[in-house]
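Coordinate inspection notes
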Amino acid sequence: MSRVQLEVDGIGIEADPGDSVLDACLRAGLAIPHSCRAGACRGCELQSVEDAARAVLACQTPATAGLRLRSGQAQLRRTALRLVRKEWLGDSTLRVVLEPQTRLQWEAGQYLFLSREPGRSRCYSIASPEELELHIAVQPRGHMSAWLAEDARIGDALEMAGPLGHCTHAAAQLDEPLLLAGTGTGLAPLLGVARSAIRAGHCAPIHLLHGSARPSGNYALDLLDSLSGVAVESWCLESHPDPRVRHGDLIARVRQFGSELASMRVYLCGAPALVSQLQRECFLEGVPLSRIHSDPFLPAR
Amino acid sequence: MTTKSLYERLGGAPAIQAAVDRFYRRMLKDARVARFFEGVDMQRQAEKQRNFLTMVTGGPNHYTGKDMRDGHAHLLKLGLDDSHVDAVIENLGAVLAELGANEADIAEVAALANSVRDDVLSRQSRARR
Ligand SMILES: Cc1cc2nc3c(=O)[nH]c(=O)nc-3n(C[C@H](O)[C@H](O)[C@H](O)COP(=O)(O)OP(=O)(O)OC[C@H]3O[C@@H](n4cnc5c(N)ncnc54)[C@H](O)[C@@H]3O)c2cc1C
Ligand code: HEM
Ligand code: FES
């Protein structure tokens, strides 16, 4: 089988036909941040050399002969981090705070590519404008999450690339009603947006709807209680022992906004199936795509 | 003498951007074609619709017939045929009318879209309709 030649950052790379550009680059030793391999996290975005405005997602692009690309997303700089705090929120979610070792700019609600060894990274969203606070859903044997839960010690060194993402308050007008809806640790970026909104003096209503399939997913009830200036609702598909949690479906709840939605700016994060369904509902109800910000939390692959 | 393309007369990239939401929403609400647009990331799908609208209004694009074949090949397996191309062209006309294009413009765009019909449907060119 004949191999194909492509070029990334001026370096010649050989690939098997059928390889993605990402796999070809990784095999050649180019450290390109990546996580979802599904076109969502955008860590692997490269540019065409011929047309700098043309973005190419390396995980979604088959390696073809003569392709010339460059990396150089300035925002995907790497930054050394130190673990400064970790605590459990409920029995399967960890709140960690990381301290950048060099100057880092971020907007709450963006996500970073966190790694504890070169070449492997996981996306996590930033829950606060003040410190790098992450909410980590602990997955059994999760490369990052189980390590953070079981082995990581305060003071440990990690590295990040990024941040990236548009689930931030920066795009919002202060008098636009906000709808922040999500499940599980999708709460982290929503909390980030809500906190930034309050800090910026947002003057229109802010609705934060947090849903979960199981009671353990409503992990931040006390934290949400302390958030003033935001209309918070917690929902669970199962009945929940805590009276603050309502029994029901987030999608049905969002539909209740009806035509009110069309004037809102919407942020959707968490379980991918839910995010895409809500995205569609909101869009068909009249919210322009430019006012729908969403991060489906796809697992790393 | 230069004649401006409809793309330019409509107002270029910003106008197309505004048309994307209208067009895309129409497609999702149209039971004849909605299924072709299921399950794809909406923001990325919208980028593709912008490319589509830019192309058929005569704006700057680099698409070749081969790109149209490759880009729609996976839809043939879902049953893509002439009726769907007709539906797309119909929705396109409705959106352009909403945006103030006149009948001649709309006919011109329909002709442009029709000119790649065989490529979109991956068949040998026949007599154009
Ligand atoms: C843009 C973006 C932002 C994200 N932000 C956050 C965040 O703020 N907090 C957060 O907790 N996660 C977030 N995620 C999801 C997170 O990056 C992935 O779930 C990641 O795979 C977790 O890594 P891990 O090393 O813990 O587990 P892995 O080693 O990747 O996976 C271990 C096992 O768990 C399974 N698994 C992993 N994630 C999930 C899941 N979500 N649901 C079901 N099964 C799963 C895997 O398939 C595998 O079998 C985000 C994802 C994206 C794309
Ligand atoms: C009428 C002629 C048509 C033209 C000129 C056309 C043109 C285009 C263009 C330019 C793109 C964007 C490609 C890209 O940027 O990657 C595209 C994508 C797409 N088109 Fe068409 N198209 C036509 C008909 C149709 C029809 C009839 C359908 C189905 C009803 C359809 C469904 C799609 C879909 C689903 C995509 C996105 C594919 C993907 O996810 O990669 N198109 N088309
Ligand atoms: S977008 Fe390519 S790895 Fe996530």
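Preceding block: the structure.
Not measured: the values here are computed from a predicted model. (Residues numbered from 1 in each chain as written. Chains lettered and ligands numbered in written order. Predicted model: local features only at pLDDT ≥ 70, side-chain atom pairs only at ≥ 80, totals over all residues. Heavy atoms only, no water.)

**Quick notes on the overall build of chain A**
- Each helix and strand counted, chain A has 6 helices and 17 strands in total.
- Relative to a compact globule of 301 residues, whose C-alpha radius of gyration would be 19 Å, chain A shows 20 Å and is just as compact.
- C-alpha atoms of chain A, sized along the principal axes, occupy 65 × 45 × 35 Å.
- Evaluated residue by residue, chain A yields a buried proportion of 52% over its 301 residues.
- When contacts within chain A are restricted to residue pairs at least 6 apart in sequence, long-range pairs at least 24 apart make up 61% of them. (Helix = DSSP H or I, 4+ residues; strand = E, 2+ residues; numbered from the N terminus. Rg over C-alpha atoms; globule rule 2.2 N^0.38 Å. Buried < 20%, exposed > 50% of the residue type's maximum accessible area, 1.4 Å probe, protein only. Contact = heavy atoms within 4.5 Å.)

**Some words on the site of ligand 2**
All names here are of chain B.
- Near ligand 2, the surroundings consist of 21 residues, among which Lys48, Asn51, Phe52, Tyr63 and His72 are the closest.
- The separation between an oxygen atom of ligand 2 and a polar side-chain atom of lysine 48 is 2.8 Å.
- At 2.9 Å from a nitrogen atom of ligand 2 is found a side-chain nitrogen or oxygen belonging to histidine 72.
- Where the shell around ligand 2 is concerned, the elements lending two or more residues are α3 (42–56), α4 (65–76) and α5 (82–98).
- Top element by residues in the shell around ligand 2 is α3. It accounts for 6 residues. (Near = heavy atom within 4 Å. Polar contact = N/O pair within 3.5 Å; in protein donor to acceptor, adjacent residues only side chain to side chain.)

**Let's talk about the interface of chain A and chain B**
- Across the contact, 15 residues belong to chain A and 12 residues belong to chain B.
- Buried area between chain A and chain B, summed over both chains or domains, comes out near 1200 Å², and the portion from carbon and sulfur atoms is 50%.
- Run the count over chain A and chain B and you get 1 salt bridge.
- Here Glu47(B) ties to Arg42(A) by a salt bridge, and the two come within 4.0 Å at their closest N and O atoms.
- Along the contact surface separating chain A from chain B lie 7 residue pairs in polar contact (both at pLDDT 80 or more).
- Broken down by class, the residue content of the side of chain A that touches chain B amounts to 8 nonpolar, 4 polar and 3 charged. (Buried area = accessible area lost by both parts, 1.4 Å probe. Salt bridge = Lys/Arg side-chain N within 4 Å of Asp/Glu carboxyl O. Nonpolar A, V, L, I, M, F, W, Y, C, P; charged D, E, K, R; others polar.)

**Brief notes about the coordination of the iron atom of ligand 2**
- Counting protein donors around the iron atom of ligand 2 gives one, His72(B) (NE2), at 2.1 Å.
- Tracing the backbone through its elements, the reader meets His72(B) in helix α4. (Donors = N, O, S within 2.8 Å, 3.2 Å for Na, K, Ca; no water.)

**Quick word on the site of ligand 1**
Residues and elements named next belong to chain A.
- Not every one of the 19 residues close to ligand 1 is listed here, only the nearest: Cys123, His135, Ala137, Met144 and Ser145.
- Within the backbone of histidine 135, a nitrogen or oxygen atom sits 2.8 Å from a nitrogen atom of ligand 1.
- Within the backbone of alanine 300, one N or O atom sits 2.9 Å away from an oxygen atom of ligand 1.
- Look at ligand 1: alone it shows 920 Å² of surface, and the protein chains cover 76% of it.
- Elements with a contribution of two residues or more to the shell around ligand 1: β9 (120–125) and β10 (132–137).
- The element best represented in the shell around ligand 1 is β9, accounting for 4 residues.
- Partitioning the shell around ligand 1 into residue classes produces 11 nonpolar, 7 polar and 1 charged. (Areas by Shrake-Rupley, 256 points an atom, 1.4 Å probe, with all protein chains shown as cover.)

**Things to note about the packing of aromatic side chains**
- Tallying each qualifying case throughout the model produces 3 aromatic pairs over all chains.
- Seen in terms of ring centroids, Phe283(A) and Tyr24(B) are 5.2 Å apart; in terms of plane orientation they differ by 45°. Their pairing is tilted. A residue pair is termed interchain when its members come from two chains, as with Phe283(A) in helix α6 (residues 272–284) and Tyr24(B) in helix α2 (residues 12–29).
- If you follow Arg25(B) out to its NZ or CZ, it ends over the ring of Phe283(A), 4.5 Å from the centre. (Phe/Tyr/Trp six-rings, centres within 6.5 Å; stacked < 30°, edge-to-face > 60°. Lys NZ or Arg CZ within 6 Å of the ring centre and 35° of its normal.)

**Considering the pattern of salt bridges**
- Throughout the structure, instances matching the rule amount to 33 salt bridges over all chains.
- With its nearest N and O atoms 4.0 Å apart, the salt bridge here joins Arg246(A) to Glu233(A). Here the residue Arg246(A) occupies a position in strand β15 (residues 245–247), and Glu233(A) occupies one in strand β14 (residues 231–236), the gap between them amounting to 13 residues.
- In this structure, Arg32(B) and Glu90(B) form a salt bridge, with 3.2 Å as the shortest nitrogen-oxygen distance. Of this pair, Arg32(B) sits in the loop between α2 and α3 while Glu90(B) sits in helix α5, placing them 58 residues apart in sequence.
- Under the relative-accessibility criterion, Arg32(B) is labelled partly exposed at 39%.
- By relative accessible area, which is 47% here, Glu90(B) ends up partly exposed.

**Examining the sheet that holds strand β3 (residues 45–48) of chain A**
All names here are of chain A.
- Strand order across the open sheet formed by 5 strands is β2-β1-β5-β3-β4, with mixed pairing between neighbours. Two strands in the sheet have a free side with no partner beyond their single neighbour: β2 (11–15) and β4 (55–57). Averaged over all neighbouring strand pairs, the angle between strand axes comes to 40°, with direction disregarded.
- Bridge count between strand β1 (residues 4–8) and strand β5 (residues 68–70): 2 bridges; the pairing is parallel. Opposite valine 8, over in β5, you have leucine 69 as the bridge partner. (Pairing = 2+ DSSP bridges. Axes fitted to C-alpha atoms, helices over the stretch in contact; angles between N-to-C directions.)

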